[in-house]
Amino acid sequence: MKEKLKVAVLASGRGSNFKALAEACAGEGYPGDIAILIVDNPDAGALQVASEMGIDSVVFDCGPKKGSMTLESSERMVEICNEKGVGLVCLAGFMRIVKGRLMDDYVGRMINIHPALLPNFKGLNAQKQALDYGVKYSGCTVHFVDKGIDTGPIILQKIVSVEQGDTEETLSARILVEEHKTYPEAVRLMAEGRVRIDGRRVVIKGHD
Ligand code: GRF
């Protein structure tokens with residue numbers, strides 16, 4: 001049997017996408033395996049999920065600057081990923097902009113999920129931005145991580161409709177249902193070696 005792709009998940013909060021990925025990886029025949037959960041916040045709900053599922057986790061001090069990470073923490077993350085044989089880094093609600101060695105070493109092997117249809121509504125509070133703008137459709141995007149904020153080539157997108165009377169909470173919940181399906185699907189495609197970046201485009205073998 002082909003060896004599974006080892007995945008590191010980086011999270012800061014609740015961890016529902018981490019859970020969706022971990023559950024997919026636990027499924028029979030799934031080609032990915034979670035090697036480690038890395039969080040920057042000791043109170044992250046994701047830690048609880050990891051302990052319940054018997055997945056290794058580590059809390060990192062990424063420095064005091066909100067939204068940023070120290071170069072030292074980036075370096076140490078790469079060391080841990082290398083020790084664990086990680087081939088794919090998945091950001092799942094990781095509230096820091098990746099830079100330094102992690103960015104350099106994992107370029108093309110690091111992906112993120114964003115709760116909007118990029119390139120619209122990048123950055124924080126994407127669901128609120130979509131509601132405030134008045135779009136009729138939003139959704140989620142899985143994309144490669146590059147040095148910008150939510151700017152890397154797009155792997156998958158799923159659309160949800162925005163209903164009249166939606167609040168940030170109701171829209172977020174509708175999008176989240178799709179996130180939990182889309183992220184494991186993207187990781188599967190990566191693990192099966194079917195994803196190729198061609199400039200700004202992502203070409204997926206055998207995917208219609
Ligand atoms: C998700 O909406 C994800 O798209 C965004 O941050 C949120 C994380 O939620 N990047 P969770 O921690 O996975 O539940």
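Section: the overall build of the protein
Next, step 1: Within the protein one finds 6 helices and 9 strands.
Next, step 2: For a compact globule of 208 residues, the expected C-alpha radius of gyration is about 17 Å, and the protein comes in at 16 Å, within 12% of that figure.
Next, step 3: The principal-axis extent of the C-alpha atoms belonging to the protein is close to 50 × 45 × 35 Å.
Next, step 4: The contacts in the protein between residues at least 6 apart in sequence include a share of 62% that link residues at least 24 apart.

Considering the sheet that holds strand β3 (residues 57-59)
Next, step 1: Taking strand neighbours across the sheet as the criterion, the 7 strands line up as β3-β2-β1-β4-β5-β6-β7 in an open arrangement whose pairing is mixed. Each edge of the open sheet carries a strand with a single partner, namely β3 and β7 (154-161). Between one strand axis and the next, the sheet turns through 20° on average, direction left out of account.
Next, step 2: Across 4 bridges, the pairing between strand β5 (residues 110-114) and strand β6 (residues 137-144) is antiparallel. What sits directly across from N112, in β6, is H143.
Next, step 3: Set on the sheet, helix α2 (residues 45-53) makes contact with β1 (5-11), β2 (32-39) and β3; between it and β2 the angle comes to about 140°.
Next, step 4: Its contacts with the sheet place helix α3 (residues 71-84) against β1, β2, β3 and β4 (88-91), and it is angled at close to 155° to β2.

Some words on helix α5 (residues 126-133)
Next, step 1: Every buried residue of α5 is accounted for by A126, Q127 and A130. Take α5 and look down its axis: the buried residues cluster within an arc of 105°, on one side only.
Next, step 2: Where the residues of α5 are buried, they touch β5, β6 and α6 (168-191).
Next, step 3: Phi for G134, located one or two positions after α5, is positive at around 90°.

Parameters and conventions
- Residues numbered from 1 in each chain as written.
- Predicted model: local features only at pLDDT ≥ 70, side-chain atom pairs only at ≥ 80, totals over all residues.
- Heavy atoms only, no water.
- Helix = DSSP H or I, 4+ residues; strand = E, 2+ residues; numbered from the N terminus.
- Rg over C-alpha atoms; globule rule 2.2 N^0.38 Å.
- Contact = heavy atoms within 4.5 Å.
- Pairing = 2+ DSSP bridges.
- Axes fitted to C-alpha atoms, helices over the stretch in contact; angles between N-to-C directions.
- Buried < 20%, exposed > 50% of the residue type's maximum accessible area, 1.4 Å probe, protein only.
- Arc of directions from axis to C-beta.

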